[in-house]
Amino acid sequence: MILAHEVAGSGPARTAGWGPALLLVHAGIADRRMWDEQMGPFADAGWTVIRADLPGFGETAPPARPVALWVTLRDLLDHLGVERAVVVGSSLGGRAAVDLALAAPDRVRALVLIGSSLAGHPFQEPALFELWDQSEAAIERGDHQEAARVEIDAWVVGMGRDPSAVDPEVRRRVRDMLLVAYEHGEADLEEPDPPAAGRLGEVAVPALVVVGEHDRPDIHAMAGALAAGIPRAERAVLPGTAHLPSMERPEACNQVVLEFLAKLGPGA
């Protein structure tokens, strides 16, 4: 399957003037619209920017059979004629980006992992399991608005702050993306074997691990594991944000990412 996607920057993939590729992969509580504030600035910095909807999100329907997310990313790069890309992944998208770097290392130039999860690193926070139970129960009884509210409080508000600290427009945008995903239904995903958590030392490319100050404890733990396990990784904490810093504080998030990208050198 080819993921629904958009490309911005120096032209279509197969033109001679096409710039270095940057693939944006969204979180599991969002779709490719979460990158609205990144497309222009990254394209203006000389990148050809690709954003896509993973299976079961946005404009990509769930697949008819189980699929590995990293395979869908590789297939999209093939479809666009992209040999290598810097992959920027948020949450679930970061997990898929790491899996791609391990399964097809020749396709990944560098990684930017924002609030990333990690295959093989279990979630352990009891409060998070309770929130998931509430959300799933709401979905089962058809109350998608309530399920979205629970997910937004858990992830967008995050830890140690009042819901009023989050821009209502950010909450609205995330709710809209979640409601589309609920209508699709959850995709059946294949998991890597062995999982990435035990193989991080094999990731040979530079990596930037970004985590929001108010993100969940489990995400901070995964950020620590990624930063410690990937040999060429560096870590940044963004204050005043939770799980989606690219939406809450786009200018600050963009600056951190662009500074990292600038260090990759010509032809990145």
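Residues numbered from 1 in each chain as written. Predicted model: local features only at pLDDT ≥ 70, side-chain atom pairs only at ≥ 80, totals over all residues. Heavy atoms only, no water.

Asks: Mind showing me how you'd approach the sheet that holds strand β3 (residues 48–52) here?
Replies: Sheet strands pair via backbone hydrogen bonds, and the direction of the pair is either parallel or antiparallel. On the basis of which strands lie adjacent, the open sheet formed by 7 strands has the order β1-β3-β2-β4-β5-β6-β7 and mixed pairing. Either end of the sheet is taken by a strand with one partner, and the two such strands are β1 (5–8) and β7 (233–238). Mean inter-strand twist for the sheet, computed between neighbouring axes without regard to direction, equals 15 degrees. Note: strand β2 (residues 21–25) against strand β4 (residues 85–90), 5 bridges, orientation parallel. The residue of β4 that forms the bridge with L23 is V87. (Pairing = 2+ DSSP bridges. Helix = DSSP H or I, 4+ residues; strand = E, 2+ residues; numbered from the N terminus. Axes fitted to C-alpha atoms, helices over the stretch in contact; angles between N-to-C directions.)

Asks: Got a minute to help me understand helix α3 (residues 92–103) in this structure?
Replies: Three- or four-residue spacings in an α-helix give side chains the same orientation, since the helix completes a turn every 3.6 residues. Between its first and last C-alpha, α3 extends 17 Å over 12 residues, near the 16 Å set by a 1.5 Å rise per residue. For α3, the tally of buried residues reaches 10 of 12 residues, placing the bulk of the element in the interior. For α3, the set of buried residues is G93, G94, R95, A96, A97, V98, D99, L100, A101 and L102. On its buried face, α3 is in contact with β2, α2 (69–80), β4, β5 (108–114) and α7 (217–229). (Expected span 1.5 Å × (residues − 1). Buried < 20%, exposed > 50% of the residue type's maximum accessible area, 1.4 Å probe, protein only. Contact = heavy atoms within 4.5 Å.)

Asks: I'm lost on the nonpolar core in this one. Help?
Replies: The nonpolar side chains of a soluble globular protein tend to be buried, and buried together. Core analysis: the biggest nonpolar cluster contains 86 residues, and L23, V98, L111 and V174 have the highest contact counts within it. Broken down by element, this core gets its largest block of residues, 7 residues, from helix α5 (residues 144–157). Apart from residues no more than four positions distant in its own chain, L23 is found in contact with I50, L73, L76, L77, A85, V86, V87 and V88. (Core = buried A, V, L, I, M, F, W, Y, C linked by side-chain atoms within 4.5 Å.)

Asks: Could you clarify how one ought to interpret the layout of surface pockets in this entry?
Replies: If a probe as big as a water molecule is rolled over the atoms, it shows which places are left empty. Size it by volume and the largest pocket reaches roughly 1100 Å³. The set of elements that each furnish at least two residues to the lining of the largest pocket consists of α2, α3, α4 (126–140), α5 and α6 (168–184). Here the lining of the largest pocket takes 5 residues from α4, the largest share from any one element. (1 Å grid on protein atoms, 1.4 Å probe; cavity = no way out; pocket = protein on both sides within 12 Å on 5 of 7 lines; lining within 4 Å. Points joined across faces, edges and corners; volume = space filled by probe spheres on them.)

Asks: I'm lost on unusual backbone geometry in this one. Help?
Replies: For residues that are not glycine, phi is negative in most cases, and the peptide bond is trans in most cases. Following D193, the chain continues to P194 via a peptide bond in cis, the omega torsion being 0 degrees. Among the secondary structure elements, P194 is positioned in the loop between α6 and β6 (207–212). The residue S91 is not glycine, and still its phi comes out positive at about 55 degrees. Locating S91 in the fold gives a position in the loop between β4 and α3. Classification of S91 by relative accessible area gives buried; the value is 12%.

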